[in-house]
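Observations on the three-dimensional arrangement
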Protein chains: 2
Amino acid sequence: MQFQLSDRAGTLKASEIRELLKITEQPDIISFAGGLPAPEFFPAKELAQLTQEILATDGKVALQYSPTEGYALLREIIATKSMAKAQVNTVKDEILITAGSQQGLDFCAKLFLNDGDYLICEDPSYLGAINVFNACHAKYLTIPMDDNGMIVDELEKLLQSGKRAKFIYTIPDFQNPTGVTMSVERRKKLVELANQYQIPVIEDNPYGDVVFDGERLPSIKSFDKNGWVIYLGSFSKTLCPGLRIGWVCALPELLQKFILLKQISDLQCNTLTQREVAHYMRDYDLDKHVNQVITVYRNRRDLMINTMKEYFPTNIKYTYPNGGLFTWVTLPDHINAAELLEEALKDKVAFVPGAPFFPNGGHKNYLRLNYSNMSEDKIVEGIKRLANVLIRFIS
Amino acid sequence: MQFQLSDRAGTLKASEIRELLKITEQPDIISFAGGLPAPEFFPAKELAQLTQEILATDGKVALQYSPTEGYALLREIIATKSMAKAQVNTVKDEILITAGSQQGLDFCAKLFLNDGDYLICEDPSYLGAINVFNACHAKYLTIPMDDNGMIVDELEKLLQSGKRAKFIYTIPDFQNPTGVTMSVERRKKLVELANQYQIPVIEDNPYGDVVFDGERLPSIKSFDKNGWVIYLGSFSKTLCPGLRIGWVCALPELLQKFILLKQISDLQCNTLTQREVAHYMRDYDLDKHVNQVITVYRNRRDLMINTMKEYFPTNIKYTYPNGGLFTWVTLPDHINAAELLEEALKDKVAFVPGAPFFPNGGHKNYLRLNYSNMSEDKIVEGIKRLANVLIRFIS
């Protein structure tokens, strides 16, 4: 039997990384391949208590259909608390609740991209976004990165040269996959360019609150006076990912389109879950919770980086993330990280090869390491194993 | 500021009905306009208890990311219990968990429709589906209905004439908006035609279990030997809609594409919620629960129909639904239901004009009435009011 699929469906293919992750789920493998938050601090007890209260007092409403744009109190709290932390001055009516920021990305793709349209993004960029954009048959203009994130001067050159794209997609804070953060100066410049060239910026910011040293930087949207920046937020890395609650913050006239997309996509987010998250934000101190997470992640980052320093060959480079979940490793040019992975799996250690994160391909000599989801002793042991594989493989 | 949106986004527009429903939320209006289940029987207490247990014993897993295809136990239970009630013999690997059946519809549209493709559907059909298909710039070949659902002989004539479409979309049980059910004979014939003309059938079946008199009919998919039927299910009308849990049942090779769409759309459904629903299905008797719902809805249908019989002018026709949430009223040809609504609102009673349910337009003289969400005394009072408006308006 042969189904006549749409052109867009024809290009859907399984993510190499997800296929790979299946192998790495074997219990004897030390895996730095995933992107999972540490579950130790998920507020299970608090959420159980809140659910009890909500269902006891308000069950008929909490289990019923509810407005597409989201639970008013949650939208309010996101506007006044979450967006305030990103230094954005906004209101409830600029917030749509989404099923994680992944759904926000899907909506951005639907909203802006015709088949074959160009978009601008960092090189490398988030694989989950690339997969969404690929499904719309997007083409990519990529901007290189350095330790201060997207090199915005290169973006300016591109725009000056007359190249045009539907939007600029960026993960400014502790980027997935590189762990790198865009400097404040570049954020300002990016907003200037967005205004000058009238091009929307999609700021995907799930990690911003998970900052290890110093304060969170002002978001790109905080410099946006005219509404060119669409901000995608998420509770996945601060509270927990399983509840699938994120948001879009955009000008009301644009948000209206997002709401219509939400309506045809799945009508609304889970009514009960929205209440759980809103009441958690109202009744508990999310900052205190996030600080616990940060302490653990910071320690794990330190352990990973210090062990790499001690055991990795000196011609291997890696980023020093000040937040988020990942560090990004640059191998010598001639090393293929996918082949390295085959060797590493023999030694029962796993990572994600970096090539799929480059939307236009190439770049075989990179890999991504996750430090948030592995115990301290396994981090040390796993990095030692990986160092041994590297030494064998490179020599 | 002018955003350069995609062609598909350009055609998104607010649903007339949803705008209308905002007016009807005023507390003094008796509204038959919505499509809400009755909240009296939502199992709030049971869900609170289950959530407590899940989070106490398994919180780290229940709040973490989880597989895109869904929680294994829930897929298993849907295959063995829910699909068995639809008389479909299937297994876990043919089930994907979705955010309500609305998300299944969205995925069907993405999977099959290029801009300008034709699909075949009943006339009228579900507005939420029409909105999804419109966003893909679909065109419609419509099949008329009678008291036994889609007139499948008309479908055969259409296919014989050489007309082609990407799929046939149907709501066979207690259709929204008409409340009409497709006969078994037509279900069989529909599957034969699907095989003969190699055209997929999307069976949207959220109401099948809510049957008032006699047994549920075998689903269309129950006659499907070759995998042409894609079944969309939902817990919204049996358990509660706020949890947003539905499913797709399709051949594994096709389901794989649905899973990839799920992955780029929102990664997965809420991990905790999937456990709540699975454990409810495991630990409680959903049938018993649904029987309570049925008793109430049957009574409300009877009250509504009997009151209409008594008070409506005799030239007004309406369907006699044997399940589901709606009856469908046919006014004399020259009556415009949208104009009637304006009058009705003055008398503080509301309904949905039927025109938006006809994908190719026209048909101003229909309206939909919901009986599931209004108390018995309000049903009688509301229908009396509507009868008065009708008598005034028609004379």
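Residues numbered from 1 in each chain as written. Chains lettered and ligands numbered in written order. Predicted model: local features only at pLDDT ≥ 70, side-chain atom pairs only at ≥ 80, totals over all residues. Heavy atoms only, no water.

1. A few points about the pairing of strand 14 (residues 366-370) of chain B
All names here are of chain B. Counting buried positions along strand 14 gives five out of five residues, so the element sits mostly inside the fold. The two faces of strand 14 match: Tyr366, Arg368 and Asn370 on one face and Leu367 and Leu369 on the other face are all buried. Bridge count between strand 11 (residues 326-330) and strand 14: five bridges; the pairing is antiparallel. Bridge assignment links tryptophan 328 to a residue of strand 14, and that residue is arginine 368. Here two bridges tie strand 13 (residues 352-353) to strand 14, and the two strands are oriented antiparallel to one another. Looking at the pairing, valine 352 lines up with arginine 368 of strand 14. (Buried < 20%, exposed > 50% of the residue type's maximum accessible area, 1.4 Å probe, protein only. Helix = DSSP H or I, 4+ residues; strand = E, 2+ residues; numbered from the N terminus. Pairing = 2+ DSSP bridges.)

2. A short note on the relation of the copies chain B and chain A
Between the two copies of the chain lies a relationship made up of a rotation around an axis and a movement along it. Here chain B sits on chain A after a turn of 180° about the axis and a move of 0.0 Å along it, with an RMSD of 0.0 Å. Expressed as an axis order, the relation between the two copies is that of a two-fold axis. Comparing contact sets, 100% of the residues at the interface of chain B also lie at the interface in chain A, consistent with an isologous, same-surface contact. (Least-squares fit on C-alpha atoms with pLDDT ≥ 70 in both. Contact = heavy atoms within 4.5 Å.)

3. Notes on the pairing of strand 7 (residues 201-204) of chain B
All names here are of chain B. Burial along strand 7 is two-sided: Val201 and Glu203 and Ile202 and Asp204, pointing in opposite directions, are all buried. The parallel pair strand 6 (residues 168-170) and strand 7, bridged by helix 8 (residues 184-197), forms a crossover whose chirality is right-handed. Note that strand 7 and strand 8 (residues 229-234) share four bridges and pair parallel. By the bridge assignment, valine 201 is partnered in strand 8 with valine 229. (Right-handed = clockwise from strand over helix to strand, strands pointing away.)

4. With respect to the domain arrangement of chain A
Residues and elements named next belong to chain A. When the domains of chain A are assigned, the result is domain 1 (7-42 + 288-394) and domain 2 (65-284). Look at where the C-alpha atoms of domain 1 and domain 2 centre, and you get two points 25 Å apart. In this complex, domain 1 contributes 32 residues to the contact, which on the side of domain 2 involves 36 residues. Between domain 1 and domain 2, a total of about 2900 Å² is buried, with carbon and sulfur atoms accounting for 62% of that surface. Contact with domain 2 buries area across many residues of domain 1, yet Arg8, Asn322 and Pro359 alone supply 23% of it, more than any other trio. (Domains from an automatic or database assignment. Buried area = accessible area lost by both parts, 1.4 Å probe.)

5. Things to note about the packing of aromatic side chains
With the rule as written, the count across this model stands at 28 aromatic pairs over all chains. Arranged with centres 5.4 Å apart and planes meeting at 15°, the rings of Trp328(B) and Tyr366(B) form a pair that is stacked. Taken together, the positions of Trp328(B) in strand 11 and Tyr366(B) in strand 14 put the pair 38 residues apart, joining distant regions of the chain. There is no split in this pair, since Trp328(B) and Tyr366(B) are both buried. Put simply, the rings of Phe3(A), Phe112(B), Phe133(B), Phe167(B), Tyr169(B) and Trp228(B) pair up and form one aromatic cluster. Just above the ring of Tyr71(A) sits the side chain of Arg275(A); from NZ or CZ to the centre is 4.1 Å. (Phe/Tyr/Trp six-rings, centres within 6.5 Å; stacked < 30°, edge-to-face > 60°. Lys NZ or Arg CZ within 6 Å of the ring centre and 35° of its normal.)

6. Thoughts on the confidence of the model for chain A
Reading predicted coordinates in detail is not appropriate for stretches of low pLDDT. This prediction gives chain A a mean pLDDT of 95; 98% of its residues lie at or above 70. We note a pTM of 0.97 for the whole complex and an ipTM of 0.96 for its interfaces. (pLDDT = per-residue confidence, 0-100.)

7. Structural notes on empty space enclosed by the protein
Under the criterion given, the structure shown has four cavities of 30 Å³ or more. One number sums up the size of the largest cavity: a volume of about 140 Å³. In terms of lining, the largest cavity is formed by 17 residues, of which the most central are Ala99(A), Asn270(A), Ala99(B), Arg244(B) and Asn270(B). (1 Å grid on protein atoms, 1.4 Å probe; cavity = no way out; pocket = protein on both sides within 12 Å on 5 of 7 lines; lining within 4 Å. Points joined across faces, edges and corners; volume = space filled by probe spheres on them.)

8. As for the side chain of Ser31(A)
Residues and elements named next belong to chain A. Tracing the backbone shows serine 31 in strand 1 (residues 30-31). Using a relative accessible area of 12% as the deciding quantity, one classes serine 31 as buried. Within the structure, serine 31 has its side chain in polar contact with the backbone nitrogen of alanine 33 (distance 3.1 Å). Those residues in contact with serine 31 that lie beyond four places of it in its chain are Thr24, Ala350 and Met374. (Polar contact = N/O pair within 3.5 Å; in protein donor to acceptor, adjacent residues only side chain to side chain.)

9. Let's talk about the interface of chain B and chain A
Taken together, the 76 residues of chain B in the interface contact 76 residues of chain A. With both chains or domains summed, chain B and chain A bury close to 6500 Å², and 61% of this area falls on carbon and sulfur atoms. The interface formed by chain B and chain A holds two salt bridges in total. Linking Lys110(A) and Asp106(B) is a salt bridge whose minimum nitrogen-to-oxygen distance equals 3.3 Å. For the pair chain B and chain A, the interface holds 30 residue pairs in polar contact (both at pLDDT 80 or more). At the level of secondary structure, the elements contributing two or more residues to the side of chain B that touches chain A comprise helix 1 (7-10), helix 3 (44-62), helix 5 (100-112), helix 6 (127-135), helix 9 (252-266) and helix 10 (271-283) of chain B. Residue composition of the side of chain B that touches chain A, by class: 36 nonpolar, 26 polar and 14 charged. (Salt bridge = Lys/Arg side-chain N within 4 Å of Asp/Glu carboxyl O. Nonpolar A, V, L, I, M, F, W, Y, C, P; charged D, E, K, R; others polar.)

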